[in-house]
Amino acid sequence: MRILVVEDDKDVAGFVVKGLREAGHTVEHADNGRDGLFLAASENFDAIILDRMLPGGIDGLRLLETLRAQDNVTPVVFLSALSQVDDRVKGLKAGGDDYLTKPFAFAELLARVEALTRRGKTDGPTTRLAVGDLEIDLLSRGVRRAGQKIDLQPREFRLLEYLMRHAGQVVTRTMLLEGVWDYHFDPQTNVIDVHVSRLRQKIDKPFDLPLLHTVRNAGYMLRAEDV
Amino acid sequence: MKASRTAPATTVLVQRPPKKRAKPLIRSAGIRLALVYATVFGLSAFALAFSLWYSTVGLLQRQVEVAIRNDGAALQDHFAVGGIQSLILAIQGRLQDNIDNDAIYMLVDPLNNRIAGNLIAWPPGLTGASDEYQLTVNRSTGSSVAMLVDYHLQGGYQLVVGRDVRAFTELRHLLQAGLLWAMGIMSVLGIVGAFVIRSLFRRMIRDISATTRAISRGDLTRRVPKTGDGDEFDELAGIINDMLDRITKLMDGVREVSNSIAHDLRTPITRARTRLEDAALHASSPDDLKSAIERATDDLDGIVAVFQALLRIAEIEAGARRSAFAPFDVAPLLSDIDEFYHAVAEERGITLVTDIAGPLPLLGDRELIQQAVANLLDNALKFSPVNTSISLTAMLHNDSIELSIADQGPGISEADRDRATERFFRAESARHTNGSGLGLALVAAVASLHTGTLRLRDNHPGLRAILTLPAQLGDAVEWGRFK
């Protein structure tokens, strides 16, 4: 994937660029708003990682608003030290697709960027999702694995649906919290782990090949092959 | 300030402290008040003097006038009935009876010769243009002021009837002078009074200004002394003292929080630092190094979480989120959270008993309510021993939503319960557990943002946290009131 990083802090930018390249992406970097806007508007990217406070007269919000005004729909992840609820709302209102506050874990950033780019591709009228021999029907809310019917609670179904929509990608606990439950706080207990392990009991336990994998220090991944 | 004085003369731009100039007197509230008061007082005194004048001098004058006219009419009757002789007799008779020596008569023939009367000569101002005069006349006793009425009789005779009004003129002058004096004294008293009132004013606000000045210099322990009179200034002193108490409390809070931050963050920062340094010095394999770095990163993540929580509490307490308030039903939100935590409770061998009596309409911030309830449940789960139960109940009670979360854990001792909602406070029994000591502080902040309360009670055993929020029972129009 081709990713643009607009970030003025040298260390953070260097770290992000290196990490993204290691993950197999092509990365362009701009260290101010003006260059960032120029690059974003003139070239094609699969995703943009955007800081809010930037030198060069154009801050992140302005940059994104200008971009969206030109009908550019490239997915944008804000990466900002502005962490208040209002800041997040502002970022999303300006057209941001996700908002991550600094300091951040690189795994979280990577997972979110990859999730966004995938979302752009599969946002069609899908009614069926399948990973390996596991398939779900979004209309009838039915789940089958190897032809065998699996009963899920509504919330378990939504958890599975989210994981399947991001099959092959790392999904962090925060992403699940926000994507499945729409919660924007950090529970002190391992709630997400418990829910995932219950889902695993139902979809993986009776079968030979595990589909739901735990990715150390990052989150979970649903995929047919071994990680 | 010192720097500006010792600065070389070339630095013209250095701002000098403004010279303390004598304030114009009119800028003094006391003087202004006194002047206004003196003006009002002067005007009313003037009104009083005027009415006094009118009712004494004016009345006297009118009485004299009536007496002269009656006298004149009677003499005219004498002339009409008995002719000139009768008139002369009548005048002479009256002059003899004139005990007060204030009556004046003068009768002249057509050639202006005096026939009768007590005037030496025809008064010079009596020209015949009018019929009533107030003139200086020459009498045998000397010159005097008199009110005269001139009558033209048949046959060219002319009669003047009058009264000596010297005494009454003197009275008038006396009154005039008296009033002028009074005015003078009044203005002097007004000016003196202005200064007296000013100094009174100053004395009354002296305590307040001394206290506030001391406070602005940094001495927050000072309070405005109350005189005990129960007057307006006492009331003001009370209000100011209340405000100062509040400020002191806030300052103490800030100080406590800064201390806590310093203390509570120093520990994990030290741990992270030690781990990294230790790894740099002693790690023998890349794996050791990696694990040390990972653990230090975890420590830093913990520090970040504390910061986030602190910022969030500050954000809530600032009240900025109130603009995002919207009406919603709390019941489904609680059901969701119940479902969210149910699995964890089961996993830990704890029963989560829920009793939600919806609908529970609230005007508020959905995310914050979620977080508050989640914090309370997190706490309950953290302190609940195996094989106990946690109850989550919610219902409408007297126009408010009462949300109660009770566990059967160790609870919080009565002494600690009041402090449990303070930032970083951790009860003795919680020292060994994980946590930042910010959970309940956040819940309390959320409660007060929604003009609700968080109460902590003994659950015999355990802790019962009761979150009371005002229910939104009115129609949609009324929602505006809470914004």
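Residues numbered from 1 in each chain as written. Chains lettered and ligands numbered in written order. Predicted model: local features only at pLDDT ≥ 70, side-chain atom pairs only at ≥ 80, totals over all residues. Heavy atoms only, no water.

Novice: It is not clear to me how the overall build of chain B should be interpreted in this structure. Could you clarify?
Specialist: If you tally the helices and strands in chain B, you get nine helices and twelve strands. Relative to its 483 residues, chain B shows a buried fraction of 36%. Taking all contacts inside chain B whose residues are at least 6 apart in sequence as the whole, residues at least 24 apart take part in 59%. Working note: accessible area of chain B is about 28,400 Å², and carbon and sulfur atoms make up 58% of it. (Helix = DSSP H or I, 4+ residues; strand = E, 2+ residues; numbered from the N terminus. Buried < 20%, exposed > 50% of the residue type's maximum accessible area, 1.4 Å probe, protein only. Contact = heavy atoms within 4.5 Å. Areas by Shrake-Rupley, 256 points an atom, 1.4 Å probe, with all protein chains shown as cover.)

Novice: Mind showing me how you'd approach the nonpolar core here?
Specialist: In summary, soluble globular proteins display a tendency toward joint burial of nonpolar side chains. The biggest cluster of nonpolar side chains holds 98 residues, and the ones touching the most others in it are L160 and L176 of chain A together with Y341 of chain B. For this core, the domains that each give at least three residues are domain 2 (232–316) and domain 3 (319–482) of chain B. Residues contacting Y341 of chain B, with those up to four places away along its chain left out, are F185, P187, T189 and V191 of chain A together with L352, A374, L377, D378 and L381 of chain B. Counting residues in hydrophobic clusters, the runner-up holds 22 residues, among them L87, I88, V149 and L159 of chain B. (Core = buried A, V, L, I, M, F, W, Y, C linked by side-chain atoms within 4.5 Å. Domains from an automatic or database assignment.)

Novice: Looking at this structure, how should I read the sheet that holds strand β8 (residues 142–145) of chain A?
Specialist: Within a sheet, neighbouring strands are paired by backbone hydrogen bonds and run either parallel or antiparallel to one another. Residue and element names in this part refer to chain A. Pairing in this open sheet of four strands is antiparallel, and the strands run β6-β7-β8-β9 from one edge to the other. Unpaired on one side and paired on the other, β6 (128–131) and β9 (148–150) mark the two borders of the sheet. For this sheet, the mean inter-axis angle between neighbouring strands, taken without regard to orientation, is 25°. Direction of pairing for strand β7 (residues 134–137) relative to β8: antiparallel, over a ladder of four bridges. Within β8, the position partnered with I136 by the bridge is V143. Helix-sheet contacts for helix α6 (residues 154–165) involve β6, β7 and β8, and the interaxial angle to β7 is about 115°. (Pairing = 2+ DSSP bridges. Axes fitted to C-alpha atoms, helices over the stretch in contact; angles between N-to-C directions.)

Novice: Help me understand the pattern of salt bridges, please; the structure alone is not making it clear to me.
Specialist: Where charged atoms from two side chains of opposite charge come close, those side chains can pair. For the structure shown, the criterion picks out 28 salt bridges over all chains. Between R2 of chain A and E43 of chain A there is a salt bridge, and its shortest N-O distance comes to 2.6 Å. On the criterion of sequence distance, the pair formed by R2 of chain A in strand β1 (residues 2–6) and E43 of chain A in the loop between α2 (33–42) and β3 (47–50) is long-range, its members being 41 residues apart. You can call R2 of chain A partly exposed: its relative accessible area is 25%. Of the charged contacts, one joins R275 of chain B and D299 of chain B as a salt bridge, the two residues approaching to 2.8 Å between their closest N and O atoms. Of this pair, R275 of chain B sits in helix α4 (residues 232–282) while D299 of chain B sits in helix α5 (residues 286–317), placing them 24 residues apart in sequence. R275 of chain B gets classed as partly exposed once you look at its relative accessible area, which sits at 24%. (Salt bridge = Lys/Arg side-chain N within 4 Å of Asp/Glu carboxyl O.)

Novice: Hey, could you run me through the packing of aromatic side chains in this one?
Specialist: Two aromatic rings, taken as a pair, are described by how far apart their centres are and by the angle between their planes. In the structure shown here, the tally under the stated rule is seven aromatic pairs over all chains. Taken together, a centroid distance of 5.1 Å and an interplanar angle of 25° make the contact between Y183 of chain A and F185 of chain A stacked. By the burial criterion, Y183 of chain A is buried, and F185 of chain A matches it. Between the aromatic rings of F79 of chain B and Y157 of chain B, the centroid separation amounts to 6.2 Å while the plane-to-plane angle is 70°, which identifies the pairing as edge-to-face. (Phe/Tyr/Trp six-rings, centres within 6.5 Å; stacked < 30°, edge-to-face > 60°.)

Novice: Explain the interface of chain A and chain B to me, please; I cannot follow it from the model alone.
Specialist: Every contact between the two is made by 26 residues of chain A and, on the other side, 24 residues of chain B. For the pair chain A and chain B, the interface holds five salt bridges. Inspection of the region where chain A meets chain B yields nine residue pairs in polar contact (both at pLDDT 80 or more). Taken together, the elements giving at least two residues each to the side of chain A that touches chain B come down to α4 (85–93) and α8 (191–203) of chain A. Here the element with the most residues in the side of chain A that touches chain B is α8 of chain A; it accounts for six residues. Counted by class, the side of chain A that touches chain B contains ten nonpolar, ten polar and six charged residues. (Polar contact = N/O pair within 3.5 Å; in protein donor to acceptor, adjacent residues only side chain to side chain. Nonpolar A, V, L, I, M, F, W, Y, C, P; charged D, E, K, R; others polar.)

Novice: Please explain the sheet that holds strand β12 (residues 219–222) of chain A as it appears in this structure.
Specialist: Residue and element names in this part refer to chain A. Reading across from one edge, β10-β12-β11 is the order of the three strands in this open sheet, with antiparallel pairing throughout. Looking at strand neighbours, the two that pair on one side only are β10 (171–172) and β11 (212–215), the edges of this open sheet. Here β10 pairs with β12 via two bridges, running antiparallel. Residue pairing for β12: V171 is matched across the bridge by Y220.

Novice: Teacher, can you tell me more about a nonpolar patch on the surface here?
Specialist: On the surface, V188, V192, V196, L200, M204 and I205 of chain B cluster together into a nonpolar patch covering about 450 Å² of accessible area. With respect to the element layout, V188 of chain B can be found in helix α3 (residues 166–216). (Patch = residues over 30% accessible without salt bridge, like charges linked within 9 Å, V, L, I, M, F, W, Y side chains within 5 Å.)

Novice: Looking at this structure, how should I read the environment of F106 of chain A?
Specialist: All names here are of chain A. Position of F106 among the secondary structure elements: in helix α5 (residues 106–122). Residue classification places F106 among the buried positions, given a relative accessible area of 16%. Distance from F106 to F15, taken between C-alpha atoms, is 8.6 Å for residues 91 residues apart in sequence. Setting aside chain neighbours within four positions, we find F106 in contact with F15, V16, G19 and L20.

Novice: Would you take a moment to explain the packing of α6 of chain A against α8 of chain A for this structure?
Specialist: In a pair of packed helices, the angle between the axes and the distance between the axes together describe the arrangement. Residues and elements named next belong to chain A. Viewed as axis vectors pointing N to C, α6 and α8 meet at an angle of 85°, and their least axial separation amounts to 10 Å. It follows from the interaxial angle that α6 and α8 lie roughly perpendicular. Contacts between α6 and α8 involve E156, L159, L160 and L163 from the former and H195, V196, R198, L199, K202 and I203 from the latter. Classifying every residue of the contact of α6 with α8 by side-chain character gives six nonpolar, one polar and three charged. (Parallel < 35°, antiparallel > 145°, perpendicular 65-115°, else oblique.)

Novice: How should the side chain of H166 of chain A be read in this particular structure?
Specialist: All names here are of chain A. Inspection of the secondary structure puts H166 in the loop between α6 and β10. Within the local environment of H166, its side chain forms a polar contact with the backbone oxygen of Y162, the two atoms lying 3.0 Å apart. With sequence-adjacent residues up to four places away left out, H166 is seen in contact with A115 and V171.

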